[in-house]
Amino acid sequence: MATYTTETVTSTVRRWIVPAAEPWGATSAEIGRAWTAAQVAYREHHAIPVGQALPGDALRFHVRGEEIVIEFATEARTQ
C-alpha cells in the first residue's frame, strides 16, 4: 500500500504600485518611497534585521501599462 502526504500551498503577492503615466513618468522620490516600503515589508516578513543585506532577488520591478510595480511573493504550506 502506498504511503503519502498532502500539502496545500498558498501564495501571496505583495505589490507597491507607482503611477508612471507618460509623458512625465514616475519621480525618483515616489519610486524610492515605494521601494523602501517594500523592503521594510520584506524584512518584517522574513525577520531580516536592518543593516543585513537583502537577497538580490528579494524584490521584482515590472512595468505594467502606465505603472511601475514593485513586488515580492511568499508561500505558506499546510499539511
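Preceding this section is the structure that the text describes.
(A) Quick look at helix α1 (residues 28–46). If you check α1, its first and last C-alpha atoms are 26 Å apart, about what 19 residues at 1.5 Å a residue would give, namely 27 Å. All buried positions along α1 are accounted for by A34, A38, A41, Y42 and R43. Packing partners of the buried residues in α1 comprise β1 (8–19) and β3 (67–78). With its phi angle positive at about 55 degrees, A47 sits one or two positions after the end of α1.

(B) Local environment of the environment of A37. Its location among the elements puts A37 in helix α1. Classification of A37 as partly exposed rests on a relative accessible area of 32%. Linking A37 and R64, residues 27 residues apart in sequence, is a C-alpha distance of 19 Å.

(C) Just the pattern of salt bridges, in detail. Applying the stated criterion across every chain yields a total of 5 salt bridges. With a shortest N-O distance of 3.2 Å, R64 and E67 are connected by a salt bridge. Given a relative accessible area of 28%, E67 falls into the partly exposed group. In this structure, a network of salt bridges that share partners links the residues E7, E75 and R77.

What counts as what
Residues numbered from 1 in each chain as written. Predicted model: local features only at pLDDT ≥ 70, side-chain atom pairs only at ≥ 80, totals over all residues. Heavy atoms only, no water. Helix = DSSP H or I, 4+ residues; strand = E, 2+ residues; numbered from the N terminus. Expected span 1.5 Å × (residues − 1). Buried < 20%, exposed > 50% of the residue type's maximum accessible area, 1.4 Å probe, protein only. Contact = heavy atoms within 4.5 Å. Salt bridge = Lys/Arg side-chain N within 4 Å of Asp/Glu carboxyl O.

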